[in-house]
Amino acid sequence: MAISKRSTSDNQNNKTVMKIVIAGLSVLLALFIVALIINLVRLSAANGRRDELAAQSEMLDALIDDNNARIDYYQTAEFIEQYAREYLDMVYRGEIIIEVE
């Protein structure tokens, strides 16, 4: 009879240990799932931010190209002459200025 009680007690202990192990693994699995969901949300936000920054980068590149084109134009003789005539009231020798009111 001692053997049968001991077997029953060992069986109960084994079942308790198995329940604890299963509960621990369940908690660990739940933590992994929560961590995965959190990281997916962060990844989604990071991808959205990356797309915003890419659009901003394209806009800034276009602005830089526009400014470079303006700089190139400002260095031409055509612009310098126009600016000198308009803002500095300069004229070529022999030109006559006629003001119309």
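Worth saying up front: this structure is predicted, and the values here are computed from it rather than measured.

**Student:** I tried to follow the overall build of the protein on my own but got confused; where do I start?
**Tutor:** When you go through the protein residue by residue, the secondary structure sums to two helices and zero strands. Since a compact globule built from 101 residues should have a radius of gyration of about 13 Å, the 41 Å found for the protein marks it as more spread out than a globular shape. In terms of overall dimensions, the protein has a C-alpha envelope of 135 × 25 × 15 Å along the principal axes. Residues counted as buried form 2% of the 101 residues belonging to the protein. In the form shown here, the protein has an accessible surface area of approximately 9600 Å², with 62% of it arising from carbon and sulfur atoms.

**Student:** Looking at this structure, how should I read a nonpolar patch on the surface?
**Tutor:** On the surface, a nonpolar cluster with roughly 660 Å² of combined accessible area is contributed by Val17, Val21, Leu25, Val27, Leu28, Leu31 and Phe32. Along the chain, Leu31 turns up in helix 1 (residues 2-74). Residue class for Leu31 comes out exposed when judged on its relative accessible area of 54%.

**Student:** What am I meant to see in the pattern of salt bridges here?
**Tutor:** In a structure, side chains of opposite charge can pair up when their charged atoms sit close to one another. Counted according to the given criterion, the structure contains five salt bridges. We note a salt bridge from Asp66 to Arg70, for which the minimum N-O separation is 3.6 Å. One end of the pair is Asp66 and the other is Arg70, both in helix 1 and four residues apart, which spans about a single turn. On the basis of relative accessible area, Asp66 is assigned to the partly exposed category, the value being 36%. Arg70 sits in the partly exposed class, given a relative accessible area of 44%.

Rules behind the numbers
- Residues numbered from 1 in each chain as written.
- Predicted model: local features only at pLDDT ≥ 70, side-chain atom pairs only at ≥ 80, totals over all residues.
- Heavy atoms only, no water.
- Helix = DSSP H or I, 4+ residues; strand = E, 2+ residues; numbered from the N terminus.
- Rg over C-alpha atoms; globule rule 2.2 N^0.38 Å.
- Buried < 20%, exposed > 50% of the residue type's maximum accessible area, 1.4 Å probe, protein only.
- Areas by Shrake-Rupley, 256 points an atom, 1.4 Å probe, with all protein chains shown as cover.
- Patch = residues over 30% accessible without salt bridge, like charges linked within 9 Å, V, L, I, M, F, W, Y side chains within 5 Å.
- Salt bridge = Lys/Arg side-chain N within 4 Å of Asp/Glu carboxyl O.

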